[in-house]
Amino acid sequence: MSGSLTLAKRAAVAGRVVLAVGGGYGIAALATILLSLTLPLPRAEAVTAATLASFAVMVGVVVVAFAARSLGRAAAILGGLALALALALRLATGSFPFGFGS
Amino acid sequence: MKQGFRQSMAWLHTWSGLVVGWVLFAVFVTGTATYYRAEISRWMQPELHRQAAIGPEALAHAADLAVAHLEAHAGEARSWFIGLPTPERPLVELFWRTRPGTAPDHVLLDPRTGAPAAMRATKGGDLLYRFHFELHLPPLWGRWIVGICAMVMLVALVSGIVTHRRIFSDFFTLRRDKAAQRGWLDAHNVSGVLALPFHLMITYTGVVTLAIMYMPWGVTAAYKGDQFAYFAETGQITKARPAAGQPGTLAPVGPMVARALATIPEPLERLVVSNPRDANSTVVAVFEEPHGLSHEHPQVAFAGTSGTIVEVLSGGLRPAAKTFTTMVGLHEAHFAGPALRVLFFLCGLMGCAMVGSGLVLWTVARLPKAGTATGFGWRLVHTLNIGTIAGLPGGIAAYLIANRLLPADLAGRSEREVQAFFGVWILVAAAGAAANAWLAPRQAWRGALAAVAGLFAAAVLADLVLARALWDDPAWFLGFDAVLLAVAAGFALISRKVDRFRAPGRARREAAAAVGTPRMERA
């Protein structure tokens with residue numbers, strides 16, 4: 001990564017950072033909501049377990065975002081994950097998170 | 001990043017670590033010091049004399065005096081926090097907040113008379129404790145910044161582990177006889193790998209302590225955002241009792257303290273009084289954690305106007321909640337006895353060394369060739385490195401010195417101590433930045449680190465000269481001073497090593513044969 005950094009390279013790095021931060025937090029939040037509502041545990045236990053795990057989820061997503069071969073590929077993987085979680089949430093609760101599309 | 005997994009992770013490790021390294025260093029240093037928060041507070045108030053045991057009657061009496069003071073001075077506050085005296089800290093400590101968003105009021109009382117305690121005003125170890133997770137910023141800002149940096153640290157740890165081909169042999173590798181960069185890399189690896197379980201544990205559990213703030217969406221979805229309801233349902237706090245809106249009179253708290261002590265066998269730590277002038281006021285007695293890893297305070301809640309028990313919390317958490325409180329307990333290490341606490345402290349120092357050596361490694365690996373000017377980025381990183389790695393410890397030493405030098409009855413005394421802390425920190429950082437103009441990097445490091453060593457030695461001197469007459473236990477204070485001297489000696493040693501380091505003949509010849517001697521080697 002050393003040497004001359006072209007504008008395209010800089011943009012690609014900036015894109016990864018935005019994708020990793022936004023995507024990582026968004027996917028971790030979606031997973032937390034889904035698990036909080038669906039884990040077969042008492043309500044307080046489900047929320048606690050989901051929240052405790054959420055930070056590991058976020059780290060995993062960030063690593064994937066930076067390890068993917070290209071920015072497009074990283075965006076596709078994270079977008080797919082987010083979509084799958086949102087669909088699962090829709091199935092579990094009958095509404096999309098945060099009121100989208102309901 | 002069209003490279004292998006390992007290369008992309010090495011890149012991620014370098015840059016994520018650099019971006020948050022300075023904040024992380026400050027968080028590690030103040031967090032490590034916080035293992036001895038109570039000791040730092042005791043050293044900073046040498047007028048305080050410890051007592052033998054404090055009986056139930058004395059505790060009940062102290063609580064009554066505390067409430068009398070609060071009724072006179074804090075009648076409008078929605079909550080009162082009453083820290084009760086212990087043998088180590090025989091003081092009544094009161095906190096209250098009259099309006100949300102304002103700084104809480106704080107006063108220390110003599111537990112026998114109820115008069116303000118006659119001792120120097122200081123924030124003691126609490127300054128470093130709060131800095132550890134709030135950076136002396138408005139709490140919301142500070143906590144978010146520290147949380148984001150902690151998440152980046154987790155990413156840096158995971159990517160750092162991936163980057164290592166030979167994690168086991170790194171345990172035993174410290175090649176000081178090779179080139180400078182190799183030595184710094186090994187130092188970074190040894191401090192990172194040797195205490196790796198600690199680093200992973202402390203970072204994850206640190207984020208977990210504020211988990212519901214950082215990741216509130218589970219509570220939002222399942223409790224419509226009512227965090228009090230969530231915490232009460234997990235069994236960590238007593239159920240909230242909303243204000244009735246009718247005036248009421250608080251019953252004497254002395255008998256409540258006596259009943260609480262009869263209910264729970266642990267030492268009583270504090271009382272929390274909610275809506276003290278309401279018909280539905282609540283008094284919660286909070287006890288110290290029982291022996292064990294879990295951060296789990298037994299609690300007894302009383303109806304404030306009648307003094308009857310409405311709820312008792314004592315153990316019995318379910319698995320996920322127990323996991324949460326155990327993670328918080330691991331982070332705080334309140335369970336650790338003296339020997340284990342030393343180990344936690346040493347692991348914390350390893351964390352400081354890991355972050356610090358990583359920051360230095362970035363600059364050493366990018367040293368400009370002889371004869372070429374340093375770039376702006378390199379100078380910025382180098383300046384911030386000196387400003388943080390030498391500046392913060394220098395500020396801590398100045399905080400201790402100010403505690404001994406400032407007159408005991410000075411107005412705004414504890415704020416002056418905090419100003420000394422930040423003032424000297426900024427001074428060291430500014431001197432390091434100015435030194436860039438005419439000193440080689442190595443000389444700037446040597447001077448800054450020697451200055452820090454001198455400041456810690458001066459703190460010991462100030463204590464011996466100005467406070468010796470006040471010590472209630474000379475051996476204890478001499479022990480604390482010995483630790484400060486050890487810190488001073490550590491900085492002096494590093495300063496000397498930076499000064500004396502010569503690359504061995506082979507590395508020097510190779511470097512000379514290539515493109516002349518790099519600047520750091522030459523100094």
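The shown structure was predicted, so the numbers you read here are calculated from the model rather than taken from an experiment.

Concerning the overall build of chain A
Thinking step 1. Summing up its helical and strand segments, chain A has three helices and zero strands in all.
Thinking step 2. Along chain A, helices and strands appear, N-terminal first, in the series α-α-α.
Thinking step 3. For chain A, buried positions account for 38% of its 102 residues.
Thinking step 4. Sequence separation of 24 or more characterises 65% of the internal contacts of chain A that already satisfy a separation of 6 or more.
Thinking step 5. Of the roughly 5000 Å² of accessible surface on chain A, 72% is carried by carbon and sulfur atoms.

Some remarks on helix α16 (residues 413-435) of chain B
Residue and element names in this part refer to chain B.
Thinking step 1. Look at α16: 33 Å from first C-alpha to last across 23 residues, which is about the 33 Å you get at 1.5 Å a residue.
Thinking step 2. By the burial criterion, the buried members of α16 are Arg 413, Ser 414, Glu 417, Val 418, Phe 421, Val 424, Trp 425, Val 428, Gly 432 and Ala 435.
Thinking step 3. If you follow the buried residues of α16, they end up packed against α1 (5-34), α2 (37-44), α4 (125-134), α14 (376-389), α15 (391-405) and α17 (441-466).

With respect to the sheet that holds strand β6 (residues 299-303) of chain B
Residues and elements named next belong to chain B.
Thinking step 1. Here we have seven strands laid out as an open sheet, ordered β3-β2-β1-β4-β5-β6-β7, and antiparallel in their pairing. Either end of the sheet is taken by a strand with one partner, and the two such strands are β3 (105-109) and β7 (309-313). Across the sheet, the axes of successive neighbouring strands diverge by a mean angle of 15°, strand direction being ignored.
Thinking step 2. Pairing of strand β1 (residues 79-83) with strand β2 (residues 92-96), which is carried by four bridges, proceeds in the antiparallel orientation. Residue pairing in the sheet places Trp 80 in a bridge with Trp 96 of β2.
Thinking step 3. Sheet strands touched by helix α3 (residues 56-73): β1, β2, β3 and β4 (268-274). Its angle to β2, the strand with the most contacts, is close to 35°.

Some thoughts on the UniProt feature "transmembrane region" (unreviewed entry) in chain B
Residue and element names in this part refer to chain B.
Thinking step 1. The feature "transmembrane region" (unreviewed entry), as annotated in UniProt, sits at residues 12-36, 144-168, 189-215, 342-364, 376-402, 422-440, 447-469 and 475-494 in this numbering.
Thinking step 2. Annotation note: span residues 12-36, helix share 92%, strand share 0%, distance between end C-alpha atoms 34 Å.
Thinking step 3. The distance separating the terminal C-alpha atoms of residues 342-364 is 32 Å; by composition the span is 100% helix and 0% strand.

Examining the domain arrangement of chain B
Thinking step 1. What the domain assignment reports for chain B is domain 1 (1-48 + 119-224 + 328-365), domain 2 (50-115 + 237-316) and domain 3 (367-523).
Thinking step 2. For domain 2 of chain B versus domain 3 of chain B, the separation of C-alpha centres amounts to 43 Å.

What to know about the pairing of β1 of chain B
Residue and element names in this part refer to chain B.
Thinking step 1. Side chains Trp 80 and Ile 82 project from β1 onto a buried face, and the interleaved Ser 79, Phe 81 and Gly 83 project onto a face without burial.
Thinking step 2. Bridge count for β1 against β4 is five bridges, and the pairing is antiparallel. Opposite Phe 81, over in β4, you have Val 272 as the bridge partner.

Some remarks on the interface of chain B and chain A
Thinking step 1. Listed by partner, the interface residues are 37 residues for chain B and 32 residues for chain A.
Thinking step 2. Carbon and sulfur atoms make up 76% of the surface buried where chain B meets chain A, a total of about 3100 Å² over both sides.
Thinking step 3. Run the count over chain B and chain A and you get one salt bridge.
Thinking step 4. Scanning the region where chain B abuts chain A turns up ten residue pairs in polar contact (both at pLDDT 80 or more).
Thinking step 5. Residue assignment for the side of chain B that touches chain A shows that the elements contributing at least two residues are α1, α5 (139-163), α7 (196-209), α8 (211-214), α9 (217-223), α10 (227-234) and α12 (319-332) of chain B.
Thinking step 6. Each residue belonging to the side of chain B that touches chain A can be placed in one class, and the counts come to 29 nonpolar, five polar and three charged.

Focus: the environment of Gly 248 of chain B
Thinking step 1. Following the sequence through the fold, Gly 248 of chain B ends up in the loop between α10 and α11 (253-263).
Thinking step 2. Considering only alpha carbons, one finds Gly 248 of chain B and Thr 305 of chain B, 57 residues apart in sequence, at a separation of 6.7 Å.

A closer look at a nonpolar patch on the surface
Residue and element names in this part refer to chain B.
Thinking step 1. A surface patch of nonpolar side chains, amounting to about 570 Å² of accessible area, comprises Leu 405, Leu 461, Leu 464, Val 465, Leu 466 and Leu 478.
Thinking step 2. Here the nonpolar patch gets four residues from one element, more than from any other, and that element is α17.
Thinking step 3. Accessibility expressed as a relative area gives 30% for Leu 464, which makes it partly exposed.

Details of the confidence of the model for chain A
Thinking step 1. Residues with a pLDDT of 70 or more make up 87% of chain A, whose mean pLDDT is 88.
Thinking step 2. Considering each helix and strand of chain A separately, the mean pLDDT is smallest for helix α1 (residues 7-38) of chain A, with a value of 93, and largest for helix α2 (residues 43-67) of chain A, with 95.

Re the packing of aromatic side chains
Thinking step 1. Using the criterion set out here, one finds 23 aromatic pairs over all chains in the structure.
Thinking step 2. On the basis of an interplanar angle of 75° and a centroid distance of 5.4 Å, the ring pair of Tyr 36 of chain B and Phe 345 of chain B is categorised as edge-to-face. On the criterion of sequence distance, the pair formed by Tyr 36 of chain B in the loop between α1 and α2 and Phe 345 of chain B in helix α13 (residues 338-365) is long-range, its members being 309 residues apart.
Thinking step 3. Relative accessible area serves as the criterion here: at 22%, Tyr 36 of chain B is assigned to the partly exposed category.
Thinking step 4. Ring pairs connect the aromatic residues Trp 43, Trp 471, Trp 476, Phe 477 and Phe 480 of chain B, which therefore count as one cluster.
Thinking step 5. Across from the ring centre of Tyr 223 of chain B, 3.8 Å away, lies the NZ or CZ of Arg 43 of chain A, which sits over that ring.
Thinking step 6. Taking the ring centre of Trp 43 of chain B as reference, the NZ or CZ of Arg 404 of chain B above it sits at 3.8 Å.

Rules of the game
Residues numbered from 1 in each chain as written. Chains lettered and ligands numbered in written order. Predicted model: local features only at pLDDT ≥ 70, side-chain atom pairs only at ≥ 80, totals over all residues. Heavy atoms only, no water. Helix = DSSP H or I, 4+ residues; strand = E, 2+ residues; numbered from the N terminus. Buried < 20%, exposed > 50% of the residue type's maximum accessible area, 1.4 Å probe, protein only. Contact = heavy atoms within 4.5 Å. Areas by Shrake-Rupley, 256 points an atom, 1.4 Å probe, with all protein chains shown as cover. Expected span 1.5 Å × (residues − 1). Pairing = 2+ DSSP bridges. Axes fitted to C-alpha atoms, helices over the stretch in contact; angles between N-to-C directions. UniProt positions renumbered as here; feature names shortened; annotations may be inferred. Domains from an automatic or database assignment. Buried area = accessible area lost by both parts, 1.4 Å probe. Salt bridge = Lys/Arg side-chain N within 4 Å of Asp/Glu carboxyl O. Polar contact = N/O pair within 3.5 Å; in protein donor to acceptor, adjacent residues only side chain to side chain. Nonpolar A, V, L, I, M, F, W, Y, C, P; charged D, E, K, R; others polar. Patch = residues over 30% accessible without salt bridge, like charges linked within 9 Å, V, L, I, M, F, W, Y side chains within 5 Å. pLDDT = per-residue confidence, 0-100. Phe/Tyr/Trp six-rings, centres within 6.5 Å; stacked < 30°, edge-to-face > 60°. Lys NZ or Arg CZ within 6 Å of the ring centre and 35° of its normal.

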